[in-house]
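# What the coordinates show
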Amino acid sequence: MKKEMVGIVLAGGQSRRFGSPKAFAERNGIPFYFYSIQAMDELVESIVLVTNESLFKQFRNEKLSVELTTDHQDFAGLGPLAGIYTAMEKVEAEWYLIAPVDVPFIEKRIFSLLLPYRSNNPDVIVPIAGDRLQPLLSIFRGTMKDKIKEQLLGKELSIKQLFDKCTVSYVEMKDDLLFTNINSLEEYNCYLE
């Protein structure tokens with residue numbers, strides 16, 4: 001049965017620049033991935049955490065109350081669009097709240113501010129913070145699944161390419177810190193030490 005709202009947590013990155021899996025780095029003793037789950041938990045009916053084969057076991061040991069999966073086998077390793085598509089295949093919904101695992105300052109209010117824009121009937125709702133598009137902290141309509149699959153099949157892996165083919169509501173947001181993603185140990189030390 002189709003759900004109204006499902007969360008997607010993207011945890012499939014290689015964390016090359018960070019040197020170890022960013023999802024398990026901590027802020028105040030709490031792993032990064034938990035902040036992404038917490039930001040959407042009260043707003044959705046269920047959450048799908050999409051990861052890669054090498055991290056699957058580590059996440060399974062965390063005994064999470066989310067559905068855990070790896071990228072669809074046809075698109076494994078093809079980036080965020082593959083993760084989004086995988087979750088859409090796993091659980092059918094009208095809307096998907098999307099967050100990566102490397103945004104340890106994320107809060108529920110990001111999604112709370114984006115959700116009312118569904119009334120504009122867009123395909124995607126994307127925040128803009130600090131003059132930068134935040135495509136991985138967004139809301140996708142379930143009907144985007146086929147467009148995403150088409151792009152993946154054509155090896156068009158850019159989310160911005162996808163946005164060119166659909167209706168997007170862009171929402172200006174003030175608090176840049178909420179959107180700060182940690183890609184390197186230098187950034188970790190800057191923001192969290």
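In short, a report on the structure. (Residues numbered from 1 in each chain as written. Predicted model: local features only at pLDDT ≥ 70, side-chain atom pairs only at ≥ 80, totals over all residues. Heavy atoms only, no water.)

This part covers the overall build of the chain. Across its full length, the chain carries 7 helices and 10 strands. The C-alpha atoms of the chain give a radius of gyration of 16 Å, which matches the 16 Å a tight globule of 193 residues would have. Each of the three principal axes of the chain carries a C-alpha extent, and together these read 40 × 40 × 30 Å. Going through the 193 residues of the chain one by one, you find that 52% of them count as buried. (Helix = DSSP H or I, 4+ residues; strand = E, 2+ residues; numbered from the N terminus. Rg over C-alpha atoms; globule rule 2.2 N^0.38 Å. Buried < 20%, exposed > 50% of the residue type's maximum accessible area, 1.4 Å probe, protein only.)

Mapped onto the elements, Lys2 comes out in the segment before β1 (3–11). Between the C-alpha atom of Lys2 and that of Val91, which follows or precedes it by 89 residues, the distance is 7.6 Å. Residues within four places of Lys2 in sequence aside, it is in contact with Glu92, Ala93 and Glu94. (Contact = heavy atoms within 4.5 Å.)

The backbone phi angle of Asn28 is positive, close to 55 degrees, even though this residue is not glycine. Note that Asn28 resides in the loop between β2 (26–27) and β3 (30–31).

Core analysis: the largest hydrophobic core is formed by 35 residues, its most contacted members being Phe59, Ile106 and Phe111. Among the elements of the structure, β1, α1 (32–41), β4 (46–51), α2 (53–60), β6 (93–100), α4 (108–114), β7 (124–129) and β10 (168–173) are those that each provide at least two residues to this core. It is α1 that provides the largest number of residues to this core, a total of 5 residues. In this view, Phe111 contacts Ala39, Met40, Leu43, Leu97, Ile98, Ala99, Ile106, Leu137, Ser138 and Ile139; residues no more than four positions away in its chain are not counted. (Core = buried A, V, L, I, M, F, W, Y, C linked by side-chain atoms within 4.5 Å.)

What follows deals with the side chain of Gln134. By the secondary structure assignment, Gln134 is in the loop between β8 (132–133) and β9 (138–141). Looking at Gln134, the relative accessible area reads 14%, which means it is buried. Separated by 3.5 Å, the side chain of Gln134 and the backbone oxygen of Arg132 make a polar contact. The contacts of Gln134, once residues within four sequence positions are left out, are Val126, Pro127, Ala129 and Phe179. (Polar contact = N/O pair within 3.5 Å; in protein donor to acceptor, adjacent residues only side chain to side chain.)

As a further point, take the packing of aromatic side chains. Per the stated rule, a full pass over the model turns up 7 aromatic pairs. Considering the side-chain rings of Phe24 and Tyr33, the 5.7 Å spacing of their centres and the 70 degrees angle between planes classify their relative orientation as edge-to-face. A relative accessible area of 17% places Phe24 in the buried class. Consider the rings of Phe140 and Phe163, whose centres lie 6.3 Å apart with planes at 50 degrees: the pair is tilted. Taken together, the positions of Phe140 in strand β9 and Phe163 in helix α6 (residues 159–163) put the pair 23 residues apart, joining distant regions of the chain. Overall, Phe140 belongs to the buried group, its relative accessible area being 0%. Three or more aromatic residues joined by ring pairs form one cluster here, namely Phe24, Tyr33 and Phe59. Over the face of the ring belonging to Tyr35 we find Arg27, whose NZ or CZ atom lies 4.8 Å from the ring centre. (Phe/Tyr/Trp six-rings, centres within 6.5 Å; stacked < 30°, edge-to-face > 60°. Lys NZ or Arg CZ within 6 Å of the ring centre and 35° of its normal.)

The values reported here are purely geometric and, on their own, carry no functional implication.
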